[in-house]
Amino acid sequence: MSKEFKPLSGREFPRFSGIKTFFRLPIADVNEEFDVAILGIPFDGGVSYRPGARFAPTLVREVSSLGRGFNMARALSIFDKMKVADIGDCPTNPLDLAQTYEKIEKFISSIVNSGKRFVSVGGDHSTTLPVLRALEKKYGKVNFIHFDAHLDTYPAAWGMEFHHGAFARHAVEEGLVNSGKMMQIGIRGPLAGGDDLDFVKKHNVHVATVDDIRKGHLQDFLKTLPEFKGPTYISFDIDCLDPAFAPGTGTPVPGGLTTYEVQQIFRSLKIENLVGADIVEVSPPYDQSQITGMAAVDTLFELLSLMALSKKG
Ligand code: MN
Ligand code: MN
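Not measured: the values here are computed from a predicted model.

Let's talk about the sheet that holds strand β9 (residues 227-237)
At step 1: Ordered in space as β4-β1-β5-β10-β9-β6-β7-β8, the eight strands form an open sheet in which the pairing is parallel. For this open sheet the edge positions go to β4 (84-89) and β8 (206-209), each flanked by a neighbour on one side alone. Averaged over all pairs of adjacent strands, the angle between their axes in this sheet comes to 20 degrees, without regard to strand direction.
At step 2: Relative to β8, strand β7 (residues 177-187) runs parallel, the two being bridged by four bridges. Considered in β8, the bridge of Ile187 is made with Thr209.
At step 3: On the sheet, helix α4 (residues 128-139) packs against β1 (36-41), β5 (117-122), β6 (142-147), β7, β9 and β10 (270-280) and is oriented at approximately 165 degrees with respect to β9.
At step 4: Of the strands in this sheet, β6, β7, β9 and β10 touch helix α9 (residues 259-268), which is tilted by about 160 degrees from β9.

So this is what it looks like as structure tokens:
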């Protein structure tokens, strides 16, 4: 019998029952016949402050039990438009960042080399770098849309080059992303120093701060979003949201975006070819009433909607 790649029926198995997978989708091997893989990357060995993101894939699977597949704003039924599966978690080594990077790059390569797109649930933001390395091998430099409170272009910390606050700098320096087609959304202070912005200025990265987004009507900001042609990747650090909307994260910053603003931004993005996306920095031990988990599930839903609308990689 061929697999349906549909969420488990809530009438047959109520939403509190069943084995927890992303959106109650079937578990599949990467080589099976489907379009988009959802995976977990449970690793938080790159954090500088509060840990816990290693537990995010488990939380997001659980909270996504209530996730539904019809996008009302777009009149789009995502699980009718494409076949989506939970392919489980990427192998990691909780004691070694370098080994984990190798495992992530290999795992993501296996997905893209089988002609599929993906959304991953991290993990801290250090996990995005090996994902981008795998994508560059397949597609060359990608366009990069980065939601975050932080620039993540910071220097080495405690003598360590690779950590969650430095991945975007490495992505630019390693030539993994097209920095002229790179956009950061949700950035705000306080910064460590006035020279923190030098890196993005030097590389012509388009930075949309919360002040930029809020200075006029939201609709006016949405009209300024560029179109993205060619292979594009979205990395969504949950801390772009205000701590009121996402308290469960490693380095919260007050004065952030609302979940509604983020939904509107997602629905205004025009992306010709979205090859992959991630949601990172969800830290369940610091969450309250699964608020952050719900924000992550909603983001996952909007990312899948963008994928359903963009052409196949
Ligand atoms: Mn980040
Ligand atoms: Mn951040």
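Notes on the coordination of the manganese ion (ligand 1)
At step 1: Around the manganese ion (ligand 1), the protein contributes the donor atoms His125 (ND1), Asp148 (OD), Asp152 (OD) and Asp237 (OD), at 2.1 to 2.2 Å from the metal centre.
At step 2: Sequence spacing of the donors to the manganese ion (ligand 1): H-x22-D-x3-D-x84-D.
At step 3: Taken as a pair, the manganese ion (ligand 1) and the manganese ion (ligand 2) lie 3.3 Å from each other and share Asp148 as a ligand. Of the two residues, Asp148 and Asp152, both sit in the buried class.

Conventions and cut-offs
- Residues numbered from 1 in each chain as written.
- Chains lettered and ligands numbered in written order.
- Predicted model: local features only at pLDDT ≥ 70, side-chain atom pairs only at ≥ 80, totals over all residues.
- Heavy atoms only, no water.
- Pairing = 2+ DSSP bridges.
- Helix = DSSP H or I, 4+ residues; strand = E, 2+ residues; numbered from the N terminus.
- Axes fitted to C-alpha atoms, helices over the stretch in contact; angles between N-to-C directions.
- Contact = heavy atoms within 4.5 Å.
- Donors = N, O, S within 2.8 Å, 3.2 Å for Na, K, Ca; no water.
- Buried < 20%, exposed > 50% of the residue type's maximum accessible area, 1.4 Å probe, protein only.

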